[in-house]
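Structural overview
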Amino acid sequence: MLTRRHFIATGAAALSAAPSILRAQAQWRANPFSLGIASGDPAPDGFVIWTRLAPDPLDAHGGMTPDSMPVTWEVAADEGFGAIVAKGEALARVELAHSVHVEVAGLRPDRPYFYRFVAGGERSVVGRARTLPALTATPNRLRFAMCGCQDYQSGYYTAYRHMADEELEFVFHYGDYIYEYGPDTPAVRQHSSPLISSLDDYRRRYAQYKADPDLQAAHAAHPFFVTFDDHEVRNNWAGDVDDDDGAPPAEVFRLRRQSAFQAWYEHMPARRRQLPSGSALNLYRSARYGDLARLDFLDTRQFRTNQPCGDGYRVACAEVTSPAAHMINAEEEAWLVRNLRRRDVRWNAVAQQVMMMSLDRRWASENAPRKLLNLDSWAGYEAQRRRLLARMRGLDNVVVLTGDEHTAYAGLLHDREKPVAVEIVGTSISSDGDGQDIPPWGPSFMANNRELKFINNLRGYVTCDVTRDEWRSNFMVVDKISTRGGKLSKRATLAVARGEPTLHQA
Ligand SMILES: [Fe+2]
């Protein structure tokens, strides 16, 4: 067991080796673990554990002096830390906002582990992580959750509070972890700063979000596979292009992206290979749950061409079917297709951000002459969408997992009139506020899109119960988030049988 005396001993050794380290930080004015702890990217032999020292989260440097500081960490097989299986010391570097990312390895597959940190004599809460089964394992079941879109201003993170109580192997986060906008009026709770653009701004925004106790509870309970969508950088950004008319030149936008990516890394339980290099970040990657499932986590922002036809919800122009338009680049596409076609797993999950179904977005009240598309989604990149769906034909084990919409949907993905995969679209944790069971556009969407099987506009998350022959997606919803204490219920379960890409209510 590490004690305060042990810390002082290691601290003194570190101090003599590097005089700029430590200094006045050995005694804290406030809890240095105010942003919580997290684990991420589980593998059969380990996972990442994360924290960031920030006794004063909204202050410059999170209330730290501009020096790096050693942090000790422990991983145990039991919650009481009687059986410590790994421990060490990491440096909370000032260059990385005093964040710590430890890639714990050498652990045993398919079991829970517990972790905690000590810094300056102060101990963090205990987090729970879990290793994945061995690659050679043949598991019968997997239970995980997917979530994202957590606009702080739209409501409380009650869904996260409930998610913390679920029994899950891991959580997939489809992005919009922060929103970049300035304060809204009115808002359930307000952003503390105007529209963010600098590294310092992004850090402060993450600090405001990560101080939320419900979000911290979900991270402490489960390892996360994190990705990002647009709002971690800027609304509807695409490759080197900002959202707005009058977007800055690419080389200027890349500076904003670089700051946003650095702050993202600093606040996520991400592996070292996700540390950005300039304005580039390696986001797409895969994980395998024995022979039961592979999850391919996509990056649908960094390499895409600009949205066609001026973006938004519009009637398709010629650019929509341009063979040059792409959501993911050739390398990412080849990697994805290779993984889908390996045939070494029962299920292929494509865990990504924006909707793959090309839905007609017309409402009853709109009399647009032709189909309206969401051009920020795969519907705006039709050549690549069709190419991917054609590669899914015959696999009959693909489940596409999606966020972005702030509404839950479930539906079928077709290749030449034949369903080849199903798509499960999660709602939001908080973005767009309380919502309602059936949104005003729900009846039109259901009537105009035969591939659509389910729609719901309450906030929440999805849990997936995966067995060898069936994949069930449970739409978990919270009755309200504008006040605290919202109640959770299971709104629906949609099931798909392996070998038969259709959806039915279970
Ligand atoms: Fe969002």
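Before any of the text, the structure's been laid out above.
Described below are features of the structure shown in this document. Being a predicted model, the structure only gives us computed values, none of them experimental. (Residues numbered from 1 in each chain as written. Predicted model: local features only at pLDDT ≥ 70, side-chain atom pairs only at ≥ 80, totals over all residues. Heavy atoms only, no water.)

1. Considerations on the nonpolar core
Core analysis: the largest hydrophobic core is formed by 74 residues, its most contacted members being Phe144, Tyr160, Trp264, Leu401 and Trp471. Sort the elements by how many residues they give to this core and helix 5 (residues 250-267) lands first, with six residues. One finds Val354, Met356, Met357 and Val425 within the second-largest nonpolar core, a separate group that totals 32 residues. (Core = buried A, V, L, I, M, F, W, Y, C linked by side-chain atoms within 4.5 Å. Buried < 20%, exposed > 50% of the residue type's maximum accessible area, 1.4 Å probe, protein only. Helix = DSSP H or I, 4+ residues; strand = E, 2+ residues; numbered from the N terminus.)

2. A few points about the coordination of the iron ion
Bound to the iron ion are the protein donor atoms Cys149 (SG), Asp176 (OD), Tyr179 (OH) and His406 (NE2), situated 2.0 to 2.5 Å from the metal. Considering all four donor atoms around the iron ion, the spread of angles at the metal, 88 to 166°, places the coordination shape in the irregular class. (Donors = N, O, S within 2.8 Å, 3.2 Å for Na, K, Ca; no water. Tetrahedral: all angles 85-135°; square planar, octahedral: opposite > 155°, others 65-115°.)

3. Some details on the side chain of aspartate 212
Tracing the backbone shows aspartate 212 in the loop between helix 3 (199-210) and helix 4 (213-221). Apart from the residues within four sequence positions on either side, aspartate 212 is in contact with Tyr157 and Arg189. (Contact = heavy atoms within 4.5 Å.)

4. Overview of the pairing of strand 19 (residues 418-425)
The buried fraction of strand 19 amounts to six of the eight residues, a majority that puts the element mostly inside the structure. Sheet topology places strand 17 (residues 398-402) next to strand 19; four bridges connect them, and they run parallel. What sits directly across from threonine 402, in strand 19, is valine 425. Two elements, strand 18 (residues 408-415) and strand 19, share seven bridges in a ladder whose sense is antiparallel. Bridging from a neighbouring strand, alanine 410 pairs with isoleucine 424 of strand 19. The antiparallel hairpin formed by strand 18 and strand 19 contains two residues in its connecting segment, where arginine 416 sits at a positive phi of about 45°. (Pairing = 2+ DSSP bridges.)

5. Focus: the state of the cysteines
By the definition in use, this model includes one disulfide. Between the sulfur atoms of cysteine 309 and its disulfide partner cysteine 317 the distance amounts to 2.1 Å. Linking cysteine 309 and cysteine 317, the disulfide has an S-S dihedral of approximately -90° and is accordingly described as left-handed. Among the cysteines around cysteine 147, which has no disulfide bond, cysteine 149 carries the closest sulfur, lying 9.4 Å off. When its relative accessible area of 0% is taken as the criterion, cysteine 147 is described as buried. Cysteine cysteine 464 is unpaired, with the sulfur of cysteine 147 as its nearest cysteine sulfur at 11 Å. (Disulfide = S-S within 2.5 Å.)

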